[in-house]
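# Residue-level structure breakdown
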Amino acid sequence: MTRTYSGLPRWVFVPALLGAVFVVLPLVAMTTRVDWSQFGALVTSDSSVAALELSLRTSAASTALCLVLGIPLALVLARTSFRGQRALRSLLLLPLVLPPVVGGIALLYTFGRRGLLGESLDLLGIRIAFSTTAVVLAQTFVALPFLVVSLEGTLRAVGQRYEVVAATLGARPTTVLTRVTVPLVLPGLLSGAVLSFARALGEFGATLTFAGSLQGVTRTLPLEIYLQRETDADAAVALSLVLVVVAVLVVALAQGRGRQWG
Amino acid sequence: MTRHRATSRTALSAMGAAALMATAAGCGSDATTTQPGAGAPAGSTASGTTSAASGTLTVFAAASLKKTFTQLGQDFEASHPGTTVTFSFAGSSDLVTQLQQGAPADVFASADTKNMDKATGDSLVEGSPVDFATNTLEIAVPPGNPGRVTDLKSLANPAVKVVLCAPEVPCGTAAQKVETTAEIDIKPVSEESSVTDVLGKVSSGEADAGLVYVTDVEAAGDTVEGVTFDESSAAVNRYPIATLADSQNVSLAEEFVALVTGAQGQQVLAAAGFGQP
C-alpha cells in the first residue's frame with residue numbers, strides 16, 4: 001500500500017470531515033453523559049457482568065460457527081461457478097440488509113417449537129427456544145455474511161496461481177486448500193472473523209425476537225442495555241460505553257491484522 | 001419530516017391569521033375568543049366564530065393505547081374540522097425521555113403513574129394529570145391452551161413455559177405484585193422488555209403462557225386465549241393523561257383530554273377492555 005497520488009481537490013475534505021464528525025460526535029456525546037463516579041458500580045453489577053459474560057461467550061461461539069460454515073461457503077462461491085450462483089450469493093448476503101427483527105421472526109419459524117425444523121428437533125428432545133443456543137443461532141445468522149463477503153473477496157483477490165502450481169506438483173485438493181489457500185487468505189479470514197465477532201456482539205433484534213431475555217441465559221449486553229434504559233438511564237449509558245469500547249477494540253484488532261499482513 | 005411539519009405549521013398559522021382578520025372585519029362581537037390560553041400563538045385559538053379550536057395536535061401516547069386513541073383521534077378530527085391529530089405511540093418511558101429532550105407535543109398519555117410522575121417532576125405538564133383508564137393482568141395462552149393453564153398457580157408449574165415482563169418495565173412490576181399476593185414463585189423462561197414481546201412469544205406458541213394486560217388479549221384476537229385470575233386485582237395499572245406545558249395549542253389539547261376522560265372516550269376504552277379509572 002503505497003500512496004502515489006494524493007492530489008485530491010481541497011473541497012473533498014469538507015464533506016469528509018463532516019462525515020467523520022457525524023460518526024464520532026454521537027459517541028463523544030454519550031461519554032459526556034457517563035456518571036463516572038458511579039461507573040464502576042454500574043458496570044460491575046450482577047446483571048451487567050452476567051450480560052457481558054454471556055455476550056462474549058455467545059459471540060465467540062457464533063464466530064466459531066461462522067468459520068465452520070462460512071469458510072466452505074466462501075470457497076464454493078469464489079472457486080466454482082454454477083447456475084444460480086449469483087442468486088445464491090444475493091440470498092446469502094440478505095441478513096446484512098434485513099431488519100434484525102425480520103431475521104428473528106424467520107429463525108422463530110425455523111427453529112421455534114412450531115417451526116419448520118423445530119417440531120422434529122422437539123421430538124429428538126432438543127429445545128432451542130429460550131436457550132443460549134438460540135442466541136448463538138441469531139448471532140450467527142446476522143454475522144455469517146460478514147465472514148463470507150470478506151473471505152470471498154480475499155480469495156478472488158489472491159487468485160489461483162499458487163494453487164495451480166501446487167496441484168501440478170501433485171498436491172491433493174485438501175493439501176492445496178490447507179497448505180496453500182488458507183495461509184494465503186489468512187489476513188482476510190482473520191479480519192472476517194473479527195468482523196463477525198463484532199456483529200455478533202452488537203446483535204439485538206433477532207435475539208430479542210427469537211431467543212428471549214433471561215439473565216445469564218439469553219440476556220446479552222445489548223438486551224441488558226435496552227432493559228436498563230427503562231429504569232436506570234445511567235446504567236444504560238455506562239453499559240453502552242462498555243459495548244462501544246469492546247467493539248472499538250475488536251475493530252482495531254481487525255484493522256491491525258489487516259495492515260500487518262495486507 | 002421536520003421540514004414538512006414546519007411548512008404545514010406555517011400554512012396553518014397563515015390560515016389562522018386570515019381567519020382572524022376575517023372575523024375582526026366581519027362581526028366584532030365574538031365572546032368565545034376570551035379563552036384562557038393567552039400564550040397560544042395566532043392561528044391556534046383564533047377561530048373564534050365557532051366554539052371549537054383548530055390546528056395541529058400532537059399526542060404522545062403509550063403503545064397500548066394505539067387502537068383506542070387512533071379511533072378517538074379520528075372522532076376528534078371529525079368534531080373539530082380543520083384539526084389534525086398526530087400520534088406518537090411508544091413505550092411510556094421512551095416518550096418521557098423524548099419529552100425531556102424537548103420533543104414538541106401537546107398531550108401525554110402514560111401507561112403508568114411512574115412515567116407521568118417523571119414528566120410532572122420535570123415540570124413538563126400543565127396542571128395536574130388525570131387518570132382515565134385502568135388495566136389489569138390476564139394470562140395469555142396459545143390457542144388450545146397446550147400447557148393446560150387454568151389459574152395463576154398453574155404458572156408456578158415448572159413444566160409450563162412462562163414468559164413475563166422484566167421487573168424493570170410496568171407489566172413486570174405488576175406481575176411481581178400478583179406473584180407476591182398469590183404467594184407463588186414463577187420461574188419464567190424469559191423476561192421480556194415489553195408486553196408486545198411477551199404476547200409474541202405466546203402467540204407463536206414458543207411459550208405456554210404469559211402475563212399480559214386484559215387489553216392485549218382483547219386486541220390479539222384469535223392468536224391467543226385469555227385466562228382470568230382472581231389475584232389480578234392486586235395490580236391495577238393506572239393510565240394518566242395530561243396537557244403539556246410546552247403545548248402550542250393548550251385549549252385544543254384540553255379538549256382532547258376532555259374527550260378521552262368524557263363519556264365517549266370512556267366508551268371506546270371500555271370496548272377495548274380498559275377498566276374505569
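Residues numbered from 1 in each chain as written. Chains lettered and ligands numbered in written order. Predicted model: local features only at pLDDT ≥ 70, side-chain atom pairs only at ≥ 80, totals over all residues. Heavy atoms only, no water.

## Some thoughts on the interface of chain A and chain B
Contact with chain A, which involves 20 residues of that partner, is made by 26 residues of chain B. When chain A packs against chain B, close to 2,000 Å² is buried across both sides, 46% of that on carbon and sulfur atoms. Contact with chain B buries surface across chain A, with Arg113(A), Phe130(A) and Glu230(A) losing the most and accounting together for 34% of the total. Taken together, the links from chain A to chain B amount to three salt bridges. The closest approach of N and O atoms between Arg229(A) and Asp94(B), which form a salt bridge, is 2.2 Å. Counting the contacts that link chain A with chain B gives 10 residue pairs in polar contact (both at pLDDT 80 or more). Of all the secondary-structure elements, those providing two or more residues to the side of chain A that touches chain B are helix 10 (205–210) and helix 11 (221–231) of chain A. No other element matches helix 11 of chain A, which puts six residues into the side of chain A that touches chain B. (Contact = heavy atoms within 4.5 Å. Buried area = accessible area lost by both parts, 1.4 Å probe. Salt bridge = Lys/Arg side-chain N within 4 Å of Asp/Glu carboxyl O. Polar contact = N/O pair within 3.5 Å; in protein donor to acceptor, adjacent residues only side chain to side chain. Helix = DSSP H or I, 4+ residues; strand = E, 2+ residues; numbered from the N terminus.)

## Here's the deal with the sheet that holds strand 5 (residues 137–141) of chain B
Residues and elements named next belong to chain B. With mixed pairing, the five strands of this open sheet are ordered in space as 7-6-8-5-9. In the strand order of this sheet, the two ends are held by strand 7 (190–192) and strand 9 (225–227), each with one partner. Recorded for the sheet is a direction-independent mean angle of 35 degrees between the axes of neighbouring strands. Here helix 6 (residues 195–203) sits on the sheet and contacts strand 5, strand 6 (162–165), strand 7 and strand 8 (209–213); the angle it forms with strand 8, its principal contact strand, is near 145 degrees. (Pairing = 2+ DSSP bridges. Axes fitted to C-alpha atoms, helices over the stretch in contact; angles between N-to-C directions.)

## As for the UniProt feature "binding site: molybdate" (unreviewed entry) in chain B
Residues and elements named next belong to chain B. Under the UniProt annotation, the feature "binding site: molybdate" (unreviewed entry) is placed at Ser 64, Ser 92, Val 195 and Tyr 213. Put simply, the named residues that line the largest pocket are Ser 64, Ser 92, Val 195 and Tyr 213. Looking at the secondary structure, you find Ser 64 in the loop between strand 1 (56–62) and helix 2 (66–79). Those residues in contact with Ser 64 that sit more than four places away from it in its chain are Ala 111, Tyr 239 and Phe 274. By the element assignment, Val 195 lies in helix 6. Overall, Val 195 belongs to the buried group, its relative accessible area being 12%. Not counting the four nearest positions on each side in its chain, Val 195 is found in contact with Cys 165, Cys 171, Val 212, Tyr 213 and Asp 216. (UniProt positions renumbered as here; feature names shortened; annotations may be inferred. 1 Å grid on protein atoms, 1.4 Å probe; cavity = no way out; pocket = protein on both sides within 12 Å on 5 of 7 lines; lining within 4 Å. Buried < 20%, exposed > 50% of the residue type's maximum accessible area, 1.4 Å probe, protein only.)

## A word on unusual backbone geometry
Although it is not a glycine, Phe130(A) sits at a positive phi angle of roughly 60 degrees. Turning to its location among the elements, Phe130(A) is positioned in the loop between helix 6 (118–123) and helix 7 (132–158). With phi around 55 degrees, Glu183(B) is a residue other than glycine that occupies positive phi space. You can see Glu183(B) is positioned in the loop between helix 5 (170–182) and strand 7. Overall, Glu183(B) belongs to the exposed group, its relative accessible area being 72%.

## Focus on the pattern of salt bridges
For the structure on display, the rule yields 11 salt bridges over all chains. One salt bridge in this structure joins Asp208(B) and Arg113(A), with 2.9 Å as the shortest N-O distance. Of this pair, Asp208(B) sits in the loop between helix 6 and strand 8 while Arg113(A) sits in the loop between helix 5 (100–111) and helix 6, placing the two residues on different chains. In this structure, Lys201(B) engages Glu192(B) in a salt bridge whose closest nitrogen and oxygen atoms are separated by 3.5 Å. Judged on exposure class, the residue Lys201(B) and its partner Glu192(B) are both buried. One network of salt bridges, in which partners are shared, links Arg89(A), Glu152(A) and Arg156(A).

## Brief notes about the UniProt feature "transmembrane region" (unreviewed entry) in chain A
Residues and elements named next belong to chain A. According to UniProt, the feature "transmembrane region" (unreviewed entry) maps to residues 12–34, 54–78, 90–112, 124–151, 180–201 and 235–254 in the numbering used here. Helix makes up 71% of residues 124–151 and strand 0%, with an end-to-end C-alpha separation of 35 Å. Helix makes up 100% of residues 235–254 and strand 0%, whereas the separation of the span's terminal C-alpha atoms amounts to 29 Å.

## Points about the packing of aromatic side chains
Under the definition given, this model contains 10 aromatic pairs over all chains. When the centroid spacing of 5.0 Å and the interplanar angle of 65 degrees are considered together, the rings of Phe204(A) and Tyr226(A) count as edge-to-face. Linking Phe204(A) in the loop between helix 9 (173–202) and helix 10 with Tyr226(A) in helix 11, this pair joins segments that are 22 residues apart in sequence. For Tyr226(A), a relative accessible area of 28% gives the class partly exposed. Pairing Phe87(B) with Phe89(B) gives two aromatic rings, centres 5.0 Å apart and planes at 15 degrees, and the pair type is stacked. (Phe/Tyr/Trp six-rings, centres within 6.5 Å; stacked < 30°, edge-to-face > 60°.)

## Some remarks on the pairing of strand 6 of chain B
Residue and element names in this part refer to chain B. Judged by which residues are buried, strand 6 turns out to be covered on both faces: Val 162 and Leu 164 on one side and Val 163 and Cys 165 on the other are all buried. Here strand 6 pairs with strand 8 via two bridges, running parallel. In the sheet register, Val 162 faces strand 8, and the bridge partner there is Ala 209. Examined bridge by bridge, strand 6 and strand 7 share three bridges and lie parallel to one another. Bridging across to strand 7, Cys 165 finds its partner in Glu 192. In this view, the connection linking strand 6 to its parallel neighbour strand 7 by way of helix 5 has right-handed handedness. (Right-handed = clockwise from strand over helix to strand, strands pointing away.)

## Concerning the environment of Gln255(A)
All names here are of chain A. Of note, Gln 255 is situated in helix 12 (residues 233–261). Looking at Gln 255, the relative accessible area reads 53%, which means it is exposed. Taking the C-alpha atoms as reference points, Gln 255 and Leu 147, 108 residues apart in sequence, are found 15 Å from one another.

## Here's the deal with the sheet that holds strand 1 of chain B
Residues and elements named next belong to chain B. Taken in spatial order, the five strands line up as 2-1-3-10-4 in an open sheet, and their pairing is mixed. If you trace the sheet from one side to the other, it starts and ends with strand 2 (84–90) and strand 4 (125–135), each paired once. Going across the sheet, the axis of each strand differs from the next one's by a mean of 20 degrees, ignoring polarity. Looking at chain direction, strand 4 and strand 10 (residues 237–244) are connected through seven bridges and run antiparallel. The residue of strand 10 that forms the bridge with Asp 131 is Pro 240. Against the sheet, helix 3 (residues 92–100) touches strand 1, strand 2, strand 3 (107–109) and strand 10, its axis set at about 135 degrees to strand 1. The strands touched by helix 8 (residues 250–261) are strand 1, strand 2, strand 3, strand 4 and strand 10; relative to strand 10, the strand with the most contacts, the crossing angle is about 160 degrees.

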